[in-house]
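# Working through the structure, step by step
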Amino acid sequence: MRLADLATRRAVQRQRRVWSDRVASWNTHGSVNLAGVTAALVAVADVQPGDVVVDLGAGNGQVTIPLAMRGAHVLGIDVSQGMADTLKAEAVRRGLDTVEAMTVPIEELDLPAGSIDLVVSSYALHHLRDPDKAKLVQAAAGWLKPGGRIVIADMMFGRGGTQRDREIIKSKLLTLARKGPGGWWRIAKNVVRYLARVQERPISMEAWTELMRAAGLTAITASTVVAEAGLVSAQRPQ
Ligand SMILES: C[S@@+](CC[C@H](N)C(=O)[O-])C[C@H]1O[C@@H](n2cnc3c(N)ncnc32)[C@H](O)[C@@H]1O
């Protein structure tokens, strides 16, 4: 096995462990304005009844469910079996028979070429290693039907190279610092994670835009939703 594959496998195992422990608490988490991010993504996605959609890192369905309620057929992908089970249960509870939940790492997802109208993801792709983000965008461009779209919302910032990066990092540090010793502990933990690129691996909106362009996608848009959260969308040419 190549070293890169081993690193990806370790990253996936870690995400599975971390998120399987957070199934019950994710709804009440909320350091970012997640409801606002979800609403912005759903608005930009502009899903149509009958659209075939894939939600990458679907969690318990905060994006999958609203899209399915608009008439889309949504395949929710998650590395955690607990998250996928919760998503499926929520769909059943709401009487939605157009939701499927699949437990598979995004890095291993393989879909038929030209079969998808819309690929979405909210607050999940920053967990992928940088080479895996690039591979994913290339793969997703192939899954899309001509004219199909990809819409990604996530924490989007680099490592301090731009003014926006510095403002986001400063505001995150100040928010945590105000929480007292518990927050200081999280600062220490997060600094190590961000610097060592363990678990938290955000990249900037510009970097996402470049990945979309490199995959041959067009009509690329990028905007800030709330402080750290950005939204990038693109289309497979007709
Ligand atoms: C921050 S939560 C976001 C969940 C959901 N998209 C939402 O907006 O509420 C991240 C989700 O991504 C999933 N995830 C993380 N890494 C993953 C991977 N490599 N493959 C599939 N899912 C992954 C986690 O299990 C978790 O459910």
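Each value, and the rule that gives it
- Residues numbered from 1 in each chain as written.
- Predicted model: local features only at pLDDT ≥ 70, side-chain atom pairs only at ≥ 80, totals over all residues.
- Heavy atoms only, no water.
- Helix = DSSP H or I, 4+ residues; strand = E, 2+ residues; numbered from the N terminus.
- Rg over C-alpha atoms; globule rule 2.2 N^0.38 Å.
- Contact = heavy atoms within 4.5 Å.
- Buried < 20%, exposed > 50% of the residue type's maximum accessible area, 1.4 Å probe, protein only.
- Phe/Tyr/Trp six-rings, centres within 6.5 Å; stacked < 30°, edge-to-face > 60°.
- Patch = residues over 30% accessible without salt bridge, like charges linked within 9 Å, V, L, I, M, F, W, Y side chains within 5 Å.
- Areas by Shrake-Rupley, 256 points an atom, 1.4 Å probe, with all protein chains shown as cover.
- Salt bridge = Lys/Arg side-chain N within 4 Å of Asp/Glu carboxyl O.
- 1 Å grid on protein atoms, 1.4 Å probe; cavity = no way out; pocket = protein on both sides within 12 Å on 5 of 7 lines; lining within 4 Å.
- Points joined across faces, edges and corners; volume = space filled by probe spheres on them.
- Nonpolar A, V, L, I, M, F, W, Y, C, P; charged D, E, K, R; others polar.
- Pairing = 2+ DSSP bridges.
- Right-handed = clockwise from strand over helix to strand, strands pointing away.
- Core = buried A, V, L, I, M, F, W, Y, C linked by side-chain atoms within 4.5 Å.
- Domains from an automatic or database assignment.
- Buried area = accessible area lost by both parts, 1.4 Å probe.
- Polar contact = N/O pair within 3.5 Å; in protein donor to acceptor, adjacent residues only side chain to side chain.

With that out of the way, let us pick up the overall build of the protein chain. A count of helices and strands for the protein chain gives 8 helices and 7 strands. Taken over C-alpha atoms, the radius of gyration comes to 17 Å for the protein chain, in line with the 18 Å a tight globule of 238 residues would show. For the protein chain, contacts bridging at least 24 residues in sequence account for 68% of all contacts bridging at least 6.

If you check the backbone angles, Asp-46 has positive phi at about 45 degrees while not being a glycine. Judged by its relative accessible area of 51%, Asp-46 is exposed. With a phi close to 50 degrees, Ala-219 is a non-glycine residue in the positive phi region. Inspection of the secondary structure puts Ala-219 in strand E6 (residues 218-226).

Right, let's get into the packing of aromatic side chains. Tallying each qualifying case throughout the model produces 1 aromatic pair. Note on Trp-19 and Trp-26: the rings are 5.2 Å apart at their centroids and 85 degrees apart in plane angle, and the pair reads as edge-to-face. On the basis of relative accessibility, which here comes to 12%, the residue Trp-26 falls in the buried class.

Taken together, Leu-173, Val-191 and Leu-195 make up a surface patch of nonpolar side chains, about 260 Å² in accessible area. Relative to the elements of secondary structure, Leu-195 occurs in helix H7 (residues 181-196).

Here we come to the layout of surface pockets. Computed from the structure, the second largest pocket encloses a volume of approximately 280 Å³. Taken together, the elements giving at least two residues each to the lining of the second largest pocket come down to helix H6 (163-177) and H7. Per-element tally for the lining of the second largest pocket: the top contributor is H7, with 5 residues. Considered class by class, the residues forming the lining of the second largest pocket number 9 nonpolar, 2 polar and 3 charged.

Here E6 pairs with strand E7 (residues 229-235) via 6 bridges, running antiparallel. For Thr-221, the partnering residue across the bridge sits in E7 and is Ser-233. In this structure, the hairpin formed by E6 and E7 is closed by a connection of 2 residues.

Here we take up the pairing of strand E3 (residues 99-103). Note: strand E2 (residues 73-78) against E3, 5 bridges, orientation parallel. Across the sheet, Leu-75 pairs through a bridge with Glu-100, a residue of E3. With respect to chirality, the unit in which E2 leads through helix H4 (residues 81-93) into the neighbouring parallel E3 is right-handed.

On inspection of all chains with the given rule, the structure shows 7 salt bridges. Across the pair Asp-130 and Lys-133 runs a salt bridge whose closest N-O atoms are separated by 2.6 Å. One end of the pair, Asp-130, and the other, Lys-133, are both in helix H5 (residues 130-143), 3 residues apart, so they sit about a helical turn from each other. For Lys-133, a relative accessible area of 1% gives the class buried. Sharing partners across several salt bridges, the network here consists of Glu-90, Arg-93 and Arg-94.

Leu-41, Val-53, Leu-67, Leu-118 and Val-120 are the most contacted members of the largest nonpolar core, which totals 34 residues. Those elements that provide at least two residues to this core are helix H1 (3-20), helix H2 (34-45), helix H3 (64-69), H4, strand E4 (116-122), strand E5 (144-155) and E7. Among the elements that line this core, the one with the most residues is H2, at 5 residues. Leu-128, Ile-150, Trp-208 and Leu-217 belong to the second-largest nonpolar core, a separate cluster that totals 29 residues.

The next point concerns the domain arrangement of the protein chain. As a measure of interface size, the accessible area lost when the parts come together is often cited. Domain parsing of the protein chain yields domain 1 (3-156 + 202-235) and domain 2 (159-201). Taken together, the contact between domain 1 and domain 2 spans 20 residues of the former and 9 residues of the latter. Both sides of the domain 1 and domain 2 interface together cover about 1200 Å² of buried area, and 40% of this is carbon and sulfur. Among the residues domain 1 hides against domain 2, the three largest losses belong to Arg-14, Pro-202 and Glu-228. Together they make up 33% of the total. In this assembly, domain 1 and domain 2 are joined by 6 residue pairs in polar contact (both at pLDDT 80 or more).

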